[in-house]
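Summary of the model geometry
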Amino acid sequence: MADTPQAAQSGRRMLLSIDAAVCTGAGTCEAMHPELFRVGPAGHAVVSRTELTAPEDIEAATGVLDVCPTEAVRLALADAAGQA
Ligand code: SF4
């Protein structure tokens, strides 16, 4: 999904999660950024941190979001997520 807010580049707080219902567990995310993603025993990816503030972490998560084959990576502005 290509709807990552541009605010990700400005150091805002972002919430990272995985939609386990669509994740295949193939592990592309873990291969790219093991500091953020790991395929757990349940067969789908899990994140090591749910809240990202460092620009490099947000950039890493955005890169994975762009290549995840099932669009299972969820990245949202922390402010906006509270209104959903
Ligand atoms: S790249 Fe996407 S589908 Fe593959 S394990 Fe990671 S979150 Fe799941």
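Residues numbered from 1 in each chain as written. Predicted model: local features only at pLDDT ≥ 70, side-chain atom pairs only at ≥ 80, totals over all residues. Heavy atoms only, no water.

What follows covers the site of the ligand. Within the structure, the ligand sits among 14 residues, and C23, G27, C29, C68 and T70 are positioned closest to it. Residues that form the shell around the ligand fall into these classes: 9 nonpolar, 5 polar and no charged. (Near = heavy atom within 4 Å. Nonpolar A, V, L, I, M, F, W, Y, C, P; charged D, E, K, R; others polar.)

Moving on: unusual backbone geometry. Of note in the backbone geometry, E71 takes a positive phi value of approximately 55° without being a glycine. When you line up the elements, E71 lands in the loop between α2 (55-67) and β5 (73-77). The class for E71 is partly exposed, based on a relative accessible area of 38%. (Helix = DSSP H or I, 4+ residues; strand = E, 2+ residues; numbered from the N terminus. Buried < 20%, exposed > 50% of the residue type's maximum accessible area, 1.4 Å probe, protein only.)

A few words now on the environment of R49. Here R49 lies in the loop between β3 (45-47) and β4 (51-52). For R49, a relative accessible area of 34% corresponds to the partly exposed category. Residues R49 and L36, 13 residues apart in the sequence, show an inter-C-alpha distance of 6.5 Å. Polar side-chain contacts of R49 include one of 2.5 Å to the side chain of D57. (Polar contact = N/O pair within 3.5 Å; in protein donor to acceptor, adjacent residues only side chain to side chain.)

Strand order in this open sheet of 3 strands is β4-β1-β5, and the pairing throughout is antiparallel. Of all strands in the sheet, those with a lone pairing partner are β4 and β5, marking the two edges. Strand contacts of α2: β1 (14-18), β4 and β5, with the helix running at about 135° to β5, the strand carrying the most contacts. (Pairing = 2+ DSSP bridges. Contact = heavy atoms within 4.5 Å. Axes fitted to C-alpha atoms, helices over the stretch in contact; angles between N-to-C directions.)

Among the nonpolar cores identified, the biggest contains 19 residues, and L16, I18, F37, L52, V73 and L75 are the most heavily contacted of them. Elements supplying a minimum of two residues to this core: β1, α2 and β5. The contacts of V73, once residues within four sequence positions are left out, are L16, S17, I18, F37, A61, V64, L65 and C68. (Core = buried A, V, L, I, M, F, W, Y, C linked by side-chain atoms within 4.5 Å.)

This next bit is on the pattern of salt bridges. If you walk through the whole model with that rule in mind, you get 4 salt bridges. The closest approach of N and O atoms between D79 and R12, which form a salt bridge, is 2.3 Å. In this pair, D79 sits in helix α3 (residues 78-81) while R12 sits in the segment before β1, placing the two residues 67 residues apart along the sequence. R12 gets classed as partly exposed once you look at its relative accessible area, which sits at 32%. (Salt bridge = Lys/Arg side-chain N within 4 Å of Asp/Glu carboxyl O.)

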